[in-house]
Amino acid sequence: MSTISISHVSRWYGNVVAVNDVTMNVGPGVTGLLGPNGAGKSTLIAMMGGFLPPSVGTVTLDGAQVWRNEQVYRDIGIVPEREAMYDFLTGREFVVANAELHGLPDPGAAAQRALATVDMEYAQDRRVDTYSKGMRQRVKMASALVHEPSVLLLDEPFNGMDPRQRMQLMELLRRMGADGRTVLFSSHILEEVEQLAAHIEVIVAGRHAASGDFRRIRRLMTDRPHRYLVRSSNDRALAAALIADASTAAIELDWTERALRIQAIDFARFTHELPRVAREHNIRLLTVSPSDESLESVFSYLVSA
């Protein structure tokens, strides 16, 4: 099991700051690296993979410096976003070449296993320049997996994949995370991250904005009103009782949902007062559901903060 540690890392290009004083640890399991386009995700992955030195700070893999340390590539597999490939090779030749670069004892067998893992055996003898974008992504994935690394760094890996290919890759990454590998993938598509990542790291304008499970992050954002959808045996009476309490800022009766939409400005007090008020007025609570703990809502809050 491996951990990548990033300590006070910044990277700038002339007067442009791409990554600004980022500190984080990425350990076993699947981690989603989230951020808008241009936030610094690709720069951060390039530094984790040893392709780019930090301007300041350190990036280590299990305590060893990554930059100018070729030994780390025994443990790291990388799928870059860039399309630069040897298009004159077949898919199999491309993966075999990577196996040979790693000095594997049987490059052909290792390449065959990796191609089978990403379901590309059927097209392995076609040239790369005949592949669709999704197929190119899968061959890049096979080349990253050919030496069975403990760490996998993926920059927008789902780009160009059809829904079936996307589901297959998600299942593969879940299995790898469950097996104890360290998997980090970047994405700006929130649905992908929500379905796959147990842990997220959020980068906004080059800075580290948040870390953890997105629902936990939402609950820590006490400066933002928490929104709930509440159904009860007597919505009108519940609304009248709650609106007078300091924990709520607004309550709306949603006729379509047949429920109350409540903005709570004091999360801790609201979670205590809601059941107390319901008991006091003999009201049964049928549904209490946070309506802004989706990854989309959390991400929107963080980007606009």
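Once a new chain begins, its residue numbering starts again from 1 and follows that chain's sequence as written. The predicted origin of the model limits local features to residues at a pLDDT of at least 70 and limits the giving and counting of side-chain atom pairs to 80 or more, whereas totals for whole chains, interfaces and linings rest on all residues. Only hydrogens and water are removed before side-chain values are computed, so all heavy atoms of the structure are retained for them.

### As for the packing of aromatic side chains
Part 1: Classification of ring pairs rests on two measures: the distance between centres of Phe, Tyr or Trp rings, Trp counted by its six-membered ring, which must be within 6.5 Å, and the angle between planes, read as stacked under 30 degrees, edge-to-face over 60 and tilted in between. Counted by the stated rule, this structure contains four aromatic pairs.
Part 2: Pairing Phe51 with Tyr73 gives two aromatic rings, centres 6.3 Å apart and planes at 20°, and the pair type is stacked. Of the two residues, Phe51 is situated in the loop between helix H1 (41-48) and strand S4 (56-61) and Tyr73 in the loop between strand S5 (64-65) and strand S6 (76-79); the sequence distance between them amounts to 22 residues.
Part 3: Summary of the burial criterion: residues with accessible area below 20% of their type's maximum are buried, those above 50% are exposed, and those between are partly exposed, where the area comes from a 1.4 Å probe applied to protein chains only. Judged by its relative accessible area of 23%, Tyr73 is partly exposed.
Part 4: Summarising the aromatic geometry, the rings of Phe158 and Phe185 are spaced 5.9 Å apart at their centres and angled 90° between planes, so their arrangement reads as edge-to-face. Here Phe158 is found in the loop between strand S7 (151-155) and helix H5 (163-178), whereas its partner Phe185 is found in strand S8 (residues 182-187), with 27 residues between them in sequence. Secondary structure elements follow DSSP: runs of H or I no shorter than four residues count as helices, runs of E no shorter than two count as strands, and numbering proceeds from the N terminus.

### A word on the sheet that holds strand S14 (residues 285-290)
Part 1: Ordered in space as S12-S13-S11-S14, the four strands form an open sheet in which the pairing is antiparallel. In the strand order of this sheet, the two ends are held by strand S12 (248-254) and S14, each with one partner. Neighbour to neighbour, the strand axes of the sheet diverge by 20° on average, direction disregarded.
Part 2: Across five bridges, strand S11 (residues 226-232) lies against strand S13 (residues 259-264) in antiparallel orientation. Residue pairing across strands places Tyr228 opposite Ile262, the latter belonging to S13. Should DSSP find at least two bridges between two strands, the strands are regarded as paired. Interaxial angles span 0 to 180 degrees and are taken between N-to-C directions of axes, which are lines fitted to C-alpha atoms, for helices over the stretch in contact.

### Notes on the layout of surface pockets
Part 1: If you add up the space inside the largest pocket, you get close to 840 Å³.
Part 2: Lining of the largest pocket is provided by 25 residues; of these, Phe51, Ile78, Pro80, Asn98 and Ser143 occupy positions nearest its centre.
Part 3: Contributions of two or more residues to the lining of the largest pocket are made by H1, S6, helix H2 (91-101) and helix H4 (133-145).
Part 4: Among the elements that take part in the lining of the largest pocket, H2 stands out by supplying four residues, more than any other.
Part 5: Here the residues of the lining of the largest pocket sort into 14 nonpolar, seven polar and four charged.
Part 6: Cavity means a closed set of points on a 1 Å grid over the protein atoms alone, one where a 1.4 Å probe fits but cannot get out, pocket means an open set with protein on both sides within 12 Å along at least 5 of 7 lines, and lining means a residue has an atom within 4 Å of a point. Grid points are joined across faces, edges and corners, and a volume is the space filled by probe spheres set on the points. In this structure, the second largest pocket spans a volume of roughly 190 Å³.
Part 7: Residue lining of the second largest pocket: Ala110, Arg113, Ala114, Thr117, Leu145, Val146, Glu148, Leu172, Arg175, Met176, Asp179 and Arg181, and that is the complete set. Under the convention adopted here, Pro, Cys and the residues Ala, Val, Leu, Ile, Met, Phe, Trp and Tyr are nonpolar, Asp, Glu, Lys and Arg are charged, and Gly plus all remaining residues are polar.

### Let's talk about the side chain of Gln124
Part 1: Mapped onto the elements, Gln124 comes out in the loop between helix H3 (107-117) and H4.
Part 2: Reaching out from Gln124, the side chain makes a polar contact with the side chain of Gln112 at a distance of 2.8 Å.
Part 3: Leave out the neighbours within four places in its chain, and Gln124 touches Thr90, Gly91, Arg92, Gln112, Leu115 and Tyr131. Definition of a polar contact: a pair of N or O atoms within 3.5 Å, with one able to donate and the other able to accept a hydrogen when the atoms are protein atoms, and with sequence-neighbouring residues admitted only if both atoms are side-chain atoms. Residue contacts are counted whenever heavy atoms from the two residues lie within 4.5 Å of one another.

### Quick word on H2
The α-helix winds at 3.6 residues per turn, so residues separated by three or four positions along the chain end up facing the same way.
Part 1: Considered for burial, the residues of H2 that qualify are Gly91, Phe94, Val95, Val96 and Ala99.
Part 2: Looking at the buried side of H2, the elements it contacts are H3 and H4.
Part 3: The positive-phi residue at the C-terminal boundary of H2 is Gly103, with phi of around 70°.

### Here's the deal with the side chain of Ser10
Part 1: Of note, Ser10 is situated in strand S1 (residues 4-13).
Part 2: Here Ser10 is in contact with Val19, Asn20, Asp21, Pro54, Ser55 and Val56, once residues within four sequence places are set aside.

### Overview of the pattern of salt bridges
Part 1: Only one rule defines a salt bridge in this text: a Lys or Arg side-chain nitrogen within 4 Å of an Asp or Glu carboxyl oxygen. Enumeration according to the criterion identifies ten salt bridges in this entry.
Part 2: Of the charged contacts in the structure, one is a salt bridge between Arg276 and Glu280, with a shortest N-O distance of 2.8 Å. Linking Arg276 with Glu280, this pair stays in helix H9 (residues 267-280), spanning four residues, or about one helical turn.
Part 3: We classify Glu280 as exposed; its relative accessible area is 55%.
Part 4: Within the structure, one salt-bridge network assembled from shared partners comprises Glu273, Arg276 and Glu280.

### Details of unusual backbone geometry
Part 1: A positive phi angle, close to 55°, is found at Arg68, a residue other than glycine.
Part 2: The topology assignment puts Arg68 in the loop between S5 and S6.
Part 3: The exposure class assigned to Arg68 is exposed, which follows from its relative accessible area of 72%.
Part 4: Of note, the phi angle at Glu156 is positive, near 50°, even though the residue is not glycine.
Part 5: Mapped onto the fold, Glu156 is located in the loop between S7 and H5.
Part 6: Of the residues examined, Glu156 reaches a relative accessible area of 4% and is grouped as buried.

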